[in-house]
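Listed below, chain by chain, are the residues.
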Amino acid sequence: MIKSFWENLTINQKLAITAWFFLAVPIIFYVTIRFYPTFEAFYVSFMKWNLLGTQKYIGFKNFSRIFGDEDFWIVFWNTIKYAIIGVPISLLISFTVAYYLNEIRFGHQTIRALYFIPFLTTAVAMAWVWRWFYQPMPIGYFNIILSWFGIEQQPFLRSVEQGLYSIMAPAVWAGLGFQIVIFIAGLRAIPKSHFEAAEIDGAGRFQILREIILPALKPTTVFLVIISTIGFLRIFDQVYNMSADSAGGPLNSTKPLVLMIYEYAFDMYKLGRASALTVILFLLLLFVSLLQLWLARDQYEKK
Amino acid sequence: MKKNDQIIERLEHLNPSKILTWTLLFIGSIVMVTPIIFMVSTSFKTGQEVYTLSLFPKSPTFENYIFILKESKFLIWLLNSLWVASFSTVSVLFFDSLVGYTLAKFKFRGREIVFVAILSTLMIPTEMLIIPWYMMSREFGWIDTYWGIAFPGLMTGFGTFLMRQFFLTLPDELIEAARIDGWSEFAIWWKIAMPLVIPALSALAIFHFLGNWTAFLWPLIIVNDPDMYTIPVGLASFNGEFQMDWEIVMTASCLATIPTLFVFIFLQKYIIKGIMLAGLKG
């Protein structure tokens, strides 16, 4: 019965059935583990709910409470600071390294590997190493080195002013290798003929950089800006494991959005409020992604 | 002779500015690995020696390693991490490439919708899903289980997209020919298409494994039982317990980091190529 049904199908019908058969398990996965939870996150953001009690619809109250909360704005600006300061610094360093490294033959692979290694480390493990470096005398290496030059002790993680930057440093450090590799790939993709033509025209080094390399690297740069902006906006591991006093301290000065979400959801069990915060994070990331599409629009038009 | 010529040619290209560039780049690369070097060196130091800046311990000791393996549950965490990351990676390799292949090589109504739907999941940050996932896990008893740690990452939109891009480059004639020879569709995918995209598969495997090995937020939420910790969660739990014993903490950090570095040394070429491939395709 089934066999004769199968044999009566055209080849295309058979292929379509096979395709849906291959997709069956993945579709169940995406519906239950991705789409339904996404819908639920939005849904819960309009609820008052503390895990054990019942859900109660409260409209936009979670959002209005968040926007009326001073701590939220501190956290929000911290998150923006991680991205707005961290991204340009890391891209500037990684581009400079990639640009010069690309010209070097001797030991190229070894040097590139050394720059890349931090990318492979576990953020939590490295958080410990950096935390140790930041300790006051006589433990912390940074302060020991500063003392050699007669510079006074710095509080680093324990200070409201320096904490955020001290946590940002290992995040920048760990991401550089990835960006350098991508930049080198971008540099190699530029056709050699471009450079030869420029040399014949007598263009100087700086001119080649500005008029050939930088425009050709625009897609690569946009890609890296987006990837690392999203990365910094979602920073969590380093903050959770490095900040002094309590997570996000001192005095919330290092706390990013994801840590606030974590605390509302899993310390205070205010799941409605936490979901509303995740919706805000989602909108922030969506804004960044749309910005990418807008920045890269020339590229798509040309294609 | 030829080699000599090459060397002479190279020497002629050497000029002060190139040597300076090389030296600066080299110093920079050493600075980059300094935290790792000091982590390793401290793991062999005794408690008294920790506060000296010396790179080589005066009397290297394995005491810290023995202590960690004996007094903490590090070995259990290592096995947990290995098991979860391997299981998840195998799943991703199988399903992401199966879906990527289907979307690239089958023509059927609804294909575009499925592709866009899967692609759209890339826009949703994990942080938005952890609360629903947690609620789900409470409901079904997945807390403190391997399945609970692994289930969110068993298929990924990124991997599906990457594999689809690679399968698109395979010629249709190849598949047609196999069909005429009477191969089943599954066999065509598994025995003909898959071996041709091994570079992409290895890139995906490395990325996914590393991502799982270092993952912190979700395991922190889903696991309460110290016997179920993964390495990052276990390391974070040292906070307070061994806080002042930096040599102990560095040893644990070392044990967490060294496996991935070893893998890198052996697979360096593939990893770098994989990142370049993924970066350019993505």
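Note that the structure is predicted; figures quoted are calculated from it, not measured.

The next point concerns the overall build of chain B. Counting its regular elements, chain B contains 14 helices and zero strands. Taken from N to C terminus, the helices and strands of chain B fall in the order α-α-α-α-α-α-α-α-α-α-α-α-α-α. Taking 19 Å as the expected radius of gyration for a compact globule of 282 residues, we find that chain B reaches 24 Å, considerably beyond that expectation. Once local pairs closer than 6 in sequence are excluded, the contacts in chain B between residues at least 24 apart make up 76%.

Let's shift gears to helix α10 (residues 185–196) of chain B. Here α10 of chain B spans 16 Å end to end across twelve residues, near enough to the 16 Å set by a 1.5 Å rise per residue. Buried residues in α10 of chain B make contact with α2 (11–44) of chain A together with α4 (74–105), α8 (157–168) and α9 (172–180) of chain B.

This next bit is on the confidence of the model for chain B. For chain B, the mean per-residue pLDDT works out to 88, and 91% of the residues sit at or above 70. Across the interface, the model reports ipTM at 0.89; the global pTM reads 0.90.

Glancing now at the interface of chain A and chain B. Listed per partner, the contact involves 64 residues of chain A and 63 residues of chain B. Among the elements that take part in the side of chain A that touches chain B, α2 of chain A stands out by supplying 16 residues, more than any other.

On to the domain arrangement of chain A, then. Segmentation of chain A into domains returns domain 1 (2–44) and domain 2 (69–302). When each unit is reduced to the centre of its C-alpha atoms, the spacing between domain 1 of chain A and domain 2 of chain A is 39 Å.

Note on soluble globular proteins: their nonpolar side chains tend to be buried together. Counting 152 residues, the largest nonpolar core has Ile180, Val181, Ile261 and Leu277 of chain A together with Ala200 and Ala252 of chain B as its most contacted members. Here this core gets 15 residues from one element, more than from any other, and that element is helix α8 (residues 163–188) of chain A. If sequence neighbours within four positions are ignored, isoleucine 180 of chain A has contacts with Ser94, Val97, Ala98, Leu101, Arg112 and Tyr115 of chain A.

With that out of the way, let us pick up unusual backbone geometry. Positioned with a positive phi, tyrosine 269 of chain A is a non-glycine residue whose angle comes to about 55 degrees. Of note, tyrosine 269 of chain A is situated in the loop between α13 (257–266) and α14 (271–295). Non-glycine residue aspartate 144 of chain B carries a positive phi angle of around 60 degrees. You can see aspartate 144 of chain B is positioned in the loop between α6 (126–140) and α7 (146–150).

Mapped onto the elements, phenylalanine 223 of chain A comes out in helix α11 (residues 218–233). A sequence separation of 50 residues divides phenylalanine 223 of chain A from arginine 273 of chain A, and the C-alpha atoms of the two residues are 32 Å apart.

Residue placement: tyrosine 30 of chain A occurs in helix α2. In this structure the C-alpha to C-alpha distance between tyrosine 30 of chain A and leucine 9 of chain A, which are 21 residues apart in sequence, comes to 29 Å.

For the rest of this paragraph, the subject is the packing of helix α4 (residues 70–101) of chain A against α11 of chain A. Residue and element names in this part refer to chain A. Close contact between α4 and α11 brings their axes to 8 Å; oriented N to C, the two are set at 140 degrees. Compared by their axis directions, α4 and α11 come out oblique. Considering the relative orientation of α4 and α11, their crossing is right-handed. On α11, the residues that touch Thr79, Tyr82, Ala83, Gly86, Val87, Ser90 and Leu91 of α4 are Leu224, Val225, Ser228, Thr229, Phe232 and Leu233. Residues belonging to the contact of α4 with α11 are distributed by class as follows: eight nonpolar, five polar and no charged.

What counts as what
Residues numbered from 1 in each chain as written. Chains lettered and ligands numbered in written order. Predicted model: local features only at pLDDT ≥ 70, side-chain atom pairs only at ≥ 80, totals over all residues. Helix = DSSP H or I, 4+ residues; strand = E, 2+ residues; numbered from the N terminus. Rg over C-alpha atoms; globule rule 2.2 N^0.38 Å. Contact = placed C-beta atoms within 7 Å. Expected span 1.5 Å × (residues − 1). pLDDT = per-residue confidence, 0-100. Domains from an automatic or database assignment. Core = buried A, V, L, I, M, F, W, Y, C linked by C-beta atoms within 7 Å. Buried ≥ 20, exposed ≤ 12 C-beta atoms within 10 Å, placed from the backbone. Axes fitted to C-alpha atoms, helices over the stretch in contact; angles between N-to-C directions. Parallel < 35°, antiparallel > 145°, perpendicular 65-115°, else oblique. Left-handed = near helix turned anticlockwise from the far one by under 90°. Nonpolar A, V, L, I, M, F, W, Y, C, P; charged D, E, K, R; others polar.

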